Amino acid sequence: MKRLFSFLIFISFVTLVLFQSCGERAVEEEVIIRSIGDPYQGGIIAYLLKSDDAGYEGSQQHGLIVALEDQGGMDVLWWNEVLGDLETKALGNLIGDGLSNTELIVSVQGEGVYAAKICMDYEVAENEVVYDDWFLPSKGELAEIYENIDELGEFKTTYWSSTEAERNQGAWRQNLFNSAQNVSKKYEPYSVRPIRSF
């Protein structure tokens, strides 16, 4: 009799658990589709990753955010003026290379006031969240900013990229009024606009 009673309690418990789990609804995550030009996480969405970009995930949007304003004025140098023309090997020129380029540049050039360091030191707070993971865009990332410039607000003319030229011949810059990308000497002054990934 005790066994029968224990068995009935067990069956009742299992039945109750099964009915409860069948009655629960799956919690659906709200999906927000973001667009180029949308304000987001301290800046403006400048680019949405495509399927052939590093870091692309089909189930989740990722991309690049551009800061709302230039940093450091219009006369920012690529190199650390104190150290001179050091080769950094920051040669990445694709979407997704800006962060690693920036880290390489700063690891070689150290403390100072120059394009990569200005971007790395930039931070902005929005809704009590501090965004401090900014970097100097690569040549490819700047090209995408140019492609979407009409959605992104005001820009000056020419901006440094984090992409160093081969054999330390200078660094790449992007004219955002016409699509020109050229190599310039690292001591030439241009503008800087930090970006970050999301």
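Please read all numbers here as calculations on a predicted model, not as lab measurements.

Scoring rules and cut-offs
Residues numbered from 1 in each chain as written. Predicted model: local features only at pLDDT ≥ 70, side-chain atom pairs only at ≥ 80, totals over all residues. Heavy atoms only, no water. Helix = DSSP H or I, 4+ residues; strand = E, 2+ residues; numbered from the N terminus. Buried < 20%, exposed > 50% of the residue type's maximum accessible area, 1.4 Å probe, protein only. Contact = heavy atoms within 4.5 Å. Areas by Shrake-Rupley, 256 points an atom, 1.4 Å probe, with all protein chains shown as cover. Polar contact = N/O pair within 3.5 Å; in protein donor to acceptor, adjacent residues only side chain to side chain. Salt bridge = Lys/Arg side-chain N within 4 Å of Asp/Glu carboxyl O. Core = buried A, V, L, I, M, F, W, Y, C linked by side-chain atoms within 4.5 Å. pLDDT = per-residue confidence, 0-100.

Along the protein, the regular secondary structure elements total 4 helices and 9 strands. Going residue by residue from the N terminus, the α and β elements of the protein occur as α-β-β-β-α-α-β-β-α-β-β-β-β. Burial statistics for the protein: of 198 residues in total, 41% are counted as buried. At a minimum sequence separation of 6, the contacts of the protein that also span at least 24 residues come to 63%. When the accessible surface of the protein is totalled, it reaches about 11,900 Å², and 53% of it is carbon and sulfur.

As for its placement among the helices and strands, Arg 196 is situated in strand 9 (residues 195-197). In this structure Arg 196 comes out as buried when scored by relative accessible area, which is 5%. For the pair Arg 196 and Trp 134, spaced 62 residues apart in sequence, the C-alpha to C-alpha distance is 4.6 Å. Not counting chain neighbours up to four residues away, the residues in contact with Arg 196 comprise Gln 41, Gly 63, Leu 64, Ile 65, Tyr 131, Asp 133, Trp 134 and Phe 135. Side-chain polar atoms of Arg 196 contact the side chain of Gln 41, separated by 2.8 Å.

This part covers the side chain of Asn 175. Residue position: Asn 175 is located in strand 7 (residues 171-175). Reaching out from Asn 175, the side chain makes a polar contact with the backbone nitrogen of Phe 177 at a distance of 2.7 Å. The contact partners of Asn 175, leaving out residues within four places of it in the chain, are Tyr 146, Thr 157, Thr 158 and Ala 180.

According to the stated counting rule, one finds 8 salt bridges in the structure shown. The salt bridge partner of Lys 89 is Glu 87, with a shortest N-O separation of 3.4 Å. Among the residues examined, Lys 89 registers a relative accessible area of 54% and is labelled exposed. Asp 121 is the partner of Lys 117 in a salt bridge, and the nearest nitrogen-oxygen pair spans 2.8 Å. With Lys 117 and Asp 121 both in helix 3 (residues 115-121) and 4 residues apart, this pair spans about one turn of that helix. Relative accessible area serves as the criterion here: at 8%, Lys 117 is assigned to the buried category. Here the salt bridges do not stand alone but share partners, grouping Asp 70, Lys 156 and Arg 193 into one network.

A few words now on the nonpolar core. One finds Leu 64, Val 66, Ile 145, Leu 152, Phe 155, Leu 176 and Ile 195 to be the most contacted residues of the largest nonpolar core, which totals 16 residues. When contributions to this core are tallied by element, the ones reaching two or more residues are strand 2 (43-48), strand 3 (63-67) and helix 4 (139-147). No other element matches strand 2, which puts 3 residues into this core. Ignoring any residue separated from it by four or fewer positions in sequence, one finds Leu 152 in contact with Ile 36, Gly 37, Ile 44, Ile 45, Ala 46, Val 66 and Ile 145. Membership of the second largest hydrophobic core comes to 15 residues, among which are Ile 105, Val 106, Cys 119 and Ala 171.

Glancing now at the environment of Pro 39. You can see Pro 39 is positioned in strand 1 (residues 39-40). Along the sequence, Pro 39 and Leu 152 sit 113 residues apart, while their C-alpha atoms lie 9.4 Å from each other.

In the predicted model, the protein carries a mean pLDDT of 88, and the fraction of residues at 70 or more is 84%. Long-range and interchain partners of residues 4-8, a stretch whose pLDDT sits below 50, account for 0 contacts in this model, where long-range means more than four residues apart. Confidence drops under pLDDT 50 across residues 21-27; counting only partners more than four residues distant or on other chains, this segment forms 0 contacts.

Locating Gly 43 in the fold gives a position in strand 2. Sequence separation between Gly 43 and Glu 126 is 83 residues, and the spatial gap between their C-alpha atoms is 9.3 Å. Leave out the neighbours within four places in its chain, and Gly 43 touches Asp 38, Ile 65, Val 66, Leu 68 and Trp 134.

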